[in-house]
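Descriptive structure summary
Residues per chain are reported as follows:
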Amino acid sequence: MEVGQMRRQWLDYTRSLFLEGFLDAQFMQLQQLQDDNNPDFVVEVVSLFFEDSERLLKDLTFALDQNAVDFKKVDAHVHQLKGSSSSIGAQRVKNACIPFRNFCEEQNTDACLRCLQQVKQEYCLVKNKLETLFRLEQQIVAAGGSIPMVELTQLSF
Amino acid sequence: MGMAAAESPFHVLAVDDSLIDRKLIERLLRTSSYQVTTVDSGSKALEFLGLNENDESNPSTPSVSPNNHHQEVEVNLVITDYCMPGMTGYDLLKKIKESSSLRNIPVVIMSSENVPSRINRCLEEGAEEFFLKPVRLSDLNKLKPHMKKTKLKDQKQGTEDKLDNSEVQQLQPQQQIQNDLQEAPKPQDPQPESESHLEQPQQSLQQANNKRKTIEQGLSPETDRTRPRYSGIATVV
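Note on numbering: residues in each chain are counted from 1, in written sequence order. All chains are assigned letters beginning at A, and all ligands numbers beginning at 1, according to the order in which they are written. Two thresholds apply to this predicted model, a pLDDT of at least 70 for residue-level local features and 80 or more for giving and counting side-chain atom pairs, whereas whole-chain, interface and lining totals are computed over all residues. With hydrogens and water stripped out, all remaining heavy atoms of the structure feed into the side-chain values.

This part takes up the nonpolar core. Nonpolar cores are built from buried Ala, Val, Leu, Ile, Met, Phe, Trp, Tyr and Cys residues. Side-chain atoms within 4.5 Å join them into one set. Residue burial is assigned from relative accessible area. The probe radius is 1.4 Å, only protein chains are included, and a residue is buried under 20% of its type maximum, exposed over 50%, and partly exposed in between. By size, the foremost hydrophobic cluster in this structure holds 65 residues, and its most contacted members are Phe100 and Leu130 of chain A together with Leu29 and Ile79 of chain B. Counting 26 residues, the second-largest nonpolar core is a separate cluster that includes Leu13, Val75, Leu92 and Cys122 of chain B.

For the rest of this paragraph, the subject is the state of the cysteines. Residue and element names in this part refer to chain A. Disulfides are defined as cysteine sulfur pairs within 2.5 Å. For the coordinates displayed, the defined rule picks out zero disulfides over all chains. Here Cys97 stays unpaired: no disulfide links it, and the sulfur of Cys115, its closest cysteine neighbor, is 9.1 Å away. A relative accessible area of 0% places Cys97 in the buried class. Of all cysteine sulfurs in the structure, the one in Cys112 sits closest to Cys104, which takes part in no disulfide; the separation is 4.0 Å. Residue Cys104 is classed as buried on the basis of its relative accessible area, which comes to 4%.

To continue, consider the environment of Gly83 of chain A. Each helix corresponds to a stretch of at least 4 residues labelled H or I by DSSP, and each strand to a stretch of at least 2 residues labelled E; elements are numbered beginning at the N terminus. As for its placement among the helices and strands, Gly83 of chain A is situated in helix H4 (residues 71-88). Distance in space between the C-alpha atoms of Gly83 of chain A and Leu11 of chain A is 27 Å, their sequence separation being 72 residues.

Contact criterion: two residues are considered in contact whenever any of their non-hydrogen atoms come within 4.5 Å of each other. Each partner contributes residues to the interface: chain A has 24 residues there, and chain B has 18 residues. Interface of chain A and chain B: buried area, both sides summed, is about 1900 Å²; carbon and sulfur atoms make up 63% of it. Of all residues in chain A, Gln29, Leu33 and Leu48 of chain A bury the most surface against chain B, accounting for 26% of the area lost on that side. Whenever Lys or Arg places a side-chain nitrogen within 4 Å of a carboxyl oxygen from Asp or Glu, that contact is recorded as a salt bridge. Counting every contact that joins chain A to chain B gives three salt bridges. Across the pair Glu113 of chain B and Arg101 of chain A runs a salt bridge whose closest N-O atoms are separated by 2.8 Å. Under this definition, polar contacts are N or O atom pairs within 3.5 Å; protein pairs additionally need one hydrogen-donor-capable and one acceptor-capable atom, and for neighbouring residues in sequence, both atoms have to be side-chain atoms. Here chain A and chain B share seven residue pairs in polar contact (both at pLDDT 80 or more) between them. Secondary structure elements with two or more residues in the side of chain A that touches chain B: helix H2 (25-32), helix H3 (41-64), H4 and helix H5 (91-106) of chain A. When residues are grouped by polarity, Ala, Val, Leu, Ile, Met, Phe, Trp, Tyr, Cys and Pro land in nonpolar, Asp, Glu, Lys and Arg in charged, and all others, Gly among them, in polar. Residues belonging to the side of chain A that touches chain B are distributed by class as follows: 11 nonpolar, eight polar and five charged. The quantity reported as buried area is the accessible area (1.4 Å probe) lost by two parts once they are put together, taken as the sum for both.

Have a look at this one:
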């Protein structure tokens, strides 16, 4: 596949991620912060997000598995996850955290467990999507091309 | 700026317990051509600013330290997350504003939560701006006027010998009073009549103050400050 085709593929894929709500405008902001002096910025931040999230999901699973659930702790973890997903533009993960926090306040263990499932699912989905996107980017760069700079409006919803 | 000799880049101290957010804010600030130092807690921030956490600076003394002798590095602005374990951003803001050596440093608060009472509390305590996270590049455009003001003040103190230093100190609370966010004069005001005295320094500092006034007028009026910033970022898909 030649570079032009790859770039179009990247564009189509990015568009779909926005259309399906996996990513929001904040992700665009990250891309705008990437430049020749910081060529790996997005990958670095997203990698931090993956590490952070995996740790938080583990901690959440553990916390909700206790006989006496510490909802303050659970809420603190969810708050962190909501914050980091919001910071990188992982919209669906962020949105899944919102009802989660409400159920923490209500101290509803069952509902929290359901929310945790939901958050895990959304996290897995966005992780796969982003990894696919990064693979596409690697292919473009390896073929000597550059990753398109996209404005949200260009994705023409 | 005619008064500036050689202008070094503004130095911002960013405080956030989240590694991701620290990375983000650092990149945002560097992109805006600021020098950045990031720390992960309020206590580390105070350490960096040269203030021992246990220092109790008496807020009611009109003592003046125009040159920050304890400060190792000059900091032109502090931008801090609100929700942090241990010392919150609000606590940090208070400590800075209560310190005679640090209170001229503008402080900006960031938060992922849009809580009007929280926003008001921070602004009343002296925060210049309150940004909702995630912070955007466009938000950072609001920072320069605040930093320029402090540089201007530092230069003024150096060049205006006749100027009584206590008058300059009053210019800081004046800005807050103008915002109508407080009913009573703040504790750090040296005299209760400080509000009326502020008119005089303004007239005698014609040259510098005209610039300062312009900057202040250029800043959003109080309604903008108390209005939550979410309206600017409601473009999320």
